[in-house]
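Chain residues, written in single-letter form:
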Amino acid sequence: MGELEQLRQEAELLKKQIEEARKGVADTTLAELTSGIEVVGRVQMKTRRTLRGHLAKIYALHWSTDSRLMVSASQDGKLIVWDTYTTNKVNAIPLRSSWVMTCAYAPSGNFVACGGLDNMCSIYNLKTRDGNVKVSRELTAHSGYLSCCRFLNDNEIITSSGDTTCAVWDIETGTQKTVFMGHTGDCMSLAVSPDLNLFISGACDWSAKLWDLRDGNCRQTFIGHESDINAICFFPSGNAICTGSDDATCKLYDLRSDQELTSYSQESIICGITSISMSRSGRMILAGYDDFNCNIWDTLKAERIGECSSEPGHSDLIMEPLSILLFQVWTDCSLPPLLLSGVLAGHDNRVSCIGVNEDGMAAATGSWDSFLKIWN
Amino acid sequence: MSSNSNLTTMRRLVEQLKLEASVERIKVSQAAAELQQYCLQNACKDALLVGVPAGSNPFREPRSCTLL
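Note that the coordinates shown come from a computational prediction; the quantities given were computed from them, not determined experimentally.

Engineer: Which parts of the structure should I look at to understand the overall build of chain A?
Structural biologist: Helix and strand counts for chain A come out as four helices and 28 strands. Restricting the contact set of chain A to residue pairs at least 6 apart, pairs at least 24 apart contribute 47%.

Engineer: Help me understand the UniProt feature "repeat: WD" (unreviewed entry) in chain A, please; the structure alone is not making it clear to me.
Structural biologist: Residue and element names in this part refer to chain A. Following the UniProt record, the feature "repeat: WD" (unreviewed entry) maps to residues 51-92, 139-179, 180-221, 222-263 and 344-376 here. Helix makes up 0% of residues 51-92 and strand 57%, whereas the separation of the span's terminal C-alpha atoms amounts to 13 Å. Secondary structure within residues 222-263 divides into 0% helix and 55% strand; the distance between the first and last C-alpha atoms comes to 13 Å.

Engineer: Just checking my understanding: could you explain empty space enclosed by the protein for this structure?
Structural biologist: Empty space among the atoms can be located by rolling a probe the size of a water molecule over them. Residues and elements named next belong to chain A. With the rule as written, the count across this model stands at one cavity of 30 Å³ or more. Around the largest cavity sit 13 residues that line it, and Leu95, Ser97, Cys114, Asp118 and Ser122 are the ones nearest its centre. When its residues are assigned to classes, the lining of the largest cavity shows six nonpolar, four polar and three charged.

Engineer: Got a minute to help me understand the interface of chain A and chain B in this structure?
Structural biologist: When the parts come together, some accessible area is lost, and that loss is often what is quoted as the size of the interface. Each partner contributes residues to the interface: chain A has 66 residues there, and chain B has 44 residues. Carbon and sulfur atoms make up 68% of the area that chain A and chain B hide from each other, which totals about 4600 Å². If you look at where chain A meets chain B, you find four salt bridges. Among the ionic pairs, Glu34 of chain B bridges to Arg256 of chain A, the shortest N-O distance being 2.6 Å. Our count for the contact surface shared by chain A and chain B stands at 14 residue pairs in polar contact (both at pLDDT 80 or more). Among the secondary structure elements, those contributing two or more residues to the side of chain A that touches chain B are α1 (3-24), α2 (30-33), β1 (47-51), β17 (218-222), β20 (250-254), β21 (259-264) and β28 (372-375) of chain A. In terms of residues, the side of chain A that touches chain B owes the most to one element, α1 of chain A, which gives 13 residues.

Engineer: Is there a simple way to explain the nonpolar core in this structure?
Structural biologist: Among soluble globular proteins, nonpolar side chains are generally buried collectively. Judged by nonpolar contacts, the single largest core of 25 residues is most densely connected at Cys250, Leu252, Ile276, Ile285 and Tyr289 of chain A. Of all the secondary structure elements, the ones that give two or more residues to this core are β18 (229-234), β19 (240-245), β20, β21, β22 (273-278) and β23 (284-289) of chain A together with α2 (28-42) of chain B. Of all the elements, α2 of chain B adds the most residues to this core, at four residues. If we ignore the near neighbours within four places in the chain, the residues touching Cys250 of chain A are His225, Thr243, Gly244, Thr262, Ser263, Tyr264, Ile273, Ile276, Ala287 and Tyr289 of chain A.

Engineer: Explain the side chain of Glu20 of chain B here, please?
Structural biologist: Here Glu20 of chain B is to be found in helix α1 (residues 3-21). Buried and without a salt bridge, Glu20 of chain B has Lys209 of chain A as its closest oppositely charged side chain, separated by 4.2 Å.

Engineer: Quick question: what am I supposed to make of the layout of surface pockets here?
Structural biologist: Looking at the second largest pocket, its volume works out to about 1100 Å³. Among the elements of the structure, α1, β13 (175-180), β16 (208-212) and β17 of chain A together with α1 of chain B are those that each provide at least two residues to the lining of the second largest pocket. Ranked by the residues each element gives to the lining of the second largest pocket, the list is headed by α1 of chain B, at seven residues. Class assignment for the residues of the lining of the second largest pocket results in nine nonpolar, eleven polar and nine charged.

Engineer: How should I be thinking about the pairing of strand β3 (residues 69-74) of chain A in this particular structure?
Structural biologist: Taken residue by residue, a regular strand's side chains alternate between the two faces of the sheet. Residue and element names in this part refer to chain A. In terms of burial, β3 is a largely internal element, six of the six residues being buried. With burial as the criterion, each face of β3 is covered, one bearing Leu69, Val71 and Ala73 and the other bearing Met70, Ser72 and Ser74. Pairing between strand β2 (residues 58-63) and β3: five bridges, direction antiparallel. Residue Trp63 lies in a different strand from β3, and its bridge partner there is Met70. Connecting β2 to the next strand, β3, in antiparallel fashion are five residues, including Ser67 with a positive phi near 65 degrees.

Engineer: Explain the sheet that holds strand β27 (residues 363-367) of chain A to me, please; I cannot follow it from the model alone.
Structural biologist: Across a sheet, strands are paired by hydrogen bonds formed along the backbone, either parallel or antiparallel in direction. Residue and element names in this part refer to chain A. Read from one edge to the other, the open sheet built from four strands follows the order β1-β28-β27-β26, with strand pairing classed as antiparallel. Each end of this open sheet is capped by a strand with a single partner; those strands are β1 and β26 (351-356). Here the average twist between neighbouring strands, direction ignored, is 20 degrees. Note that β27 and β28 share four bridges and pair antiparallel.

Engineer: I'm lost on the sheet that holds strand β11 (residues 156-161) of chain A in this one. Help?
Structural biologist: Residue and element names in this part refer to chain A. Ordered in space as β10-β11-β12-β13, the four strands form an open sheet in which the pairing is antiparallel. In this open sheet, the two strands that pair with only one neighbour each are β10 (146-153) and β13. Direction aside, neighbouring strands of the sheet carry axes that sit 25 degrees apart on average. Where β10 meets β11, six bridges bridge the pair, whose relative direction is antiparallel. When the bridges of β11 are listed, Asn153 appears paired with Glu156.

Engineer: Before we go on, may I ask you to explain α2 of chain B in this structure?
Structural biologist: Residue and element names in this part refer to chain B. When the terminal C-alpha atoms of α2 are compared, their 21 Å separation across 15 residues agrees well with the 21 Å that a helix rising 1.5 Å per residue should span. Along α2, the residues classified as buried are Val28, Ala31, Ala32, Leu35, Gln36, Cys39 and Asn42. All buried residues of α2 lie within an arc of 150 degrees about the axis, which places them on one face of the element.

Engineer: Can you help me understand the packing of aromatic side chains in this one?
Structural biologist: For any pair of aromatic rings, the description rests on two quantities: the centre-to-centre distance and the angle between the ring planes. Tallied over the full model, the rule gives eight aromatic pairs over all chains. Aromatic pair Phe199 of chain A and Trp211 of chain A: ring centres 6.2 Å apart, planes at 15 degrees, arrangement stacked. Taken as a pair, Phe199 of chain A in strand β15 (residues 198-203) and Trp211 of chain A in strand β16 lie far apart in primary sequence, twelve residues in all. On the basis of relative accessibility, which here comes to 1%, the residue Trp211 of chain A falls in the buried class. Taken together, the ring pairs in this structure connect Trp63 and Tyr85 of chain A together with Phe59 of chain B into an aromatic cluster. Positioned over the ring face of Phe371 of chain A is Arg52 of chain A, at 5.3 Å from the centre of the ring. The ring of Tyr59 of chain A carries Lys57 of chain A above its face, with NZ or CZ at 5.0 Å from the centroid.

Criteria and cut-off values
- Residue indices begin from 1 for each chain and proceed along its sequence in written order.
- Written order determines the labels here, with chains lettered from A and ligands numbered from 1.
- Residue-level local features of this predicted model are given only where pLDDT is at least 70; pairs of side-chain atoms are given and counted only at 80 or more, and the full residue set underlies all totals for whole chains, interfaces and linings.
- Only hydrogens and water are set aside when side-chain values are computed; all heavy atoms of the structure are taken into account.
- Helix and strand assignments follow DSSP, with helices taken as H or I runs no shorter than four residues and strands as E runs no shorter than two, numbered in order from the N terminus.
- Contacts are assigned to residue pairs that have any heavy atoms within 4.5 Å of one another.
- UniProt positions are given in the numbering used here, feature names are shortened, and annotations may be inferred rather than shown by experiment.
- Only protein atoms enter the 1 Å grid used here. Points where a 1.4 Å probe fits but cannot escape make up a cavity, open sets with protein on both sides within 12 Å along at least five of seven lines make up a pocket, and a residue lines them when an atom lies within 4 Å of a point.
- Grid points are joined across faces, edges and corners, and a volume is the space filled by probe spheres set on the points.
- Any residue that is not Ala, Val, Leu, Ile, Met, Phe, Trp, Tyr, Cys, Pro, Asp, Glu, Lys or Arg is counted as polar, Gly included; the first ten are nonpolar and the last four charged.
- By convention, the term buried area covers the 1.4 Å-probe accessible surface removed from two parts as they join, with the contributions of both added.
- Whenever a carboxyl oxygen of Asp or Glu lies within 4 Å of a side-chain nitrogen of Lys or Arg, that contact is scored as a salt bridge.
- Two N or O atoms form a polar contact when they lie within 3.5 Å of each other; inside protein one atom must be a possible hydrogen donor and the other a possible acceptor, and for residues adjacent in sequence the pair counts only when both atoms belong to side chains.
- Among the buried residues, those of types Ala, Val, Leu, Ile, Met, Phe, Trp, Tyr and Cys that are joined through side-chain atoms within 4.5 Å form a nonpolar core.
- Accessibility here uses a 1.4 Å probe with only protein chains present; expressed as a share of the type maximum, an area under 20% marks a residue as buried, one over 50% as exposed, and anything in between as partly exposed.
- When charges are tallied, Lys and Arg are placed among the positive residues and Asp and Glu among the negative ones, while His and the ends of the chain are skipped.
- Strands are treated as partners if at least two bridges between them are detected by DSSP.
- Lines fitted to the C-alpha atoms define the axes, with helices restricted to the stretch that makes contact. Angles between their N-to-C directions range from 0 to 180 degrees.
- Given the number of residues in a helix, its expected span is that number minus one, multiplied by 1.5 Å.
- What the arc measures is the spread of directions leading from the helix axis to the C-beta atoms.
- Aromatic pairs are defined between Phe, Tyr and Trp rings, using the six-membered ring for Trp, whenever the two ring centres lie within 6.5 Å; interplanar angles under 30 degrees are classed as stacked, those over 60 as edge-to-face, and all others as tilted.
- To sit over a ring, a charge needs its Lys NZ or Arg CZ within 6 Å of the ring centre and within 35 degrees of the ring normal.

Here you go:
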């Protein structure tokens, strides 16, 4: 038997071993364990702020650690830093490439970063002496699009790419300190653990991987999704992760028992998840879907408990269906069913990205119609 | 792809799987219990879950002004 065939058989054996080991510790299910608690009551969140200023679809948003400032990226070729309390624009940063897919705010508040189809991660200094925001580094080495980036500190940033790798960069030298290889499909999203020692990535190979920042190793691989994983986040304790996939489900994986605990899905939901975030206690999962709805799930009971949508009668409801009509006619010459049926009220917020701030006080959603909304 | 790089890829895959197989796993009952406990213990700090009194909500709707 050739070595290749031997190795293939060994790999299959090891995969079965892992499956058996996971079953071996599965002495109960999350459903059984949480049978004693009640589902969270229906969640009603209201739009508290609407941030207007972008001229095209919002692709990404990221809160500052102060829970007040936020950066958003749009394919109008701009990054905007918002003061979400006042809705003022603190910075409007023109980008060299408008094909942006991700943005990030440094924990210190001193920098923001973005990247996309230019295959680069551009770092912007917000606190220059003359007050003008400028590019401080352009990190080039990925051979595919930049899908996500997150700062560890002012000098280190993690990136995920369509070239199937993730990397930690030394921003000062502009070089990759560690490259994380192992995914066999485009990496779509990443999230850093609360203790900053680990990070997770979701990819088009249908798996999520847990990486150790200290030794560069992939520690664990989580399977079960039946399509690309587009969104990923940590449970606030750092002991579990949540993924959102094109297979129309979100999943909760526990790190220490190394397996999927539950899946969040409904027969009526058939489109993929594009963004995901958890509330501060981890009790709620906020997920943005391809049909631009945002569903809220009870993490422990795996039931849908609400959605982010504007309540009828809200003052900007009257504006938005009209602006959506104009925008949609302009972009694809179709008419939204809402207007065809003559219903102007009950408008849904169309979500392309979502994030809960650090103090858990609010959720932000970025919308297809170029607005961002703050909810609580 | 040359047969050499196929071999290298497979060797790496097997090494990686050995690493992942050797992970220490705790029982789901313990893991899930601790997740539930975390949720319940931190529920009071979760503004989106329990709501925020208008006074301490920095995003509270600005009050309408009356003209005197």
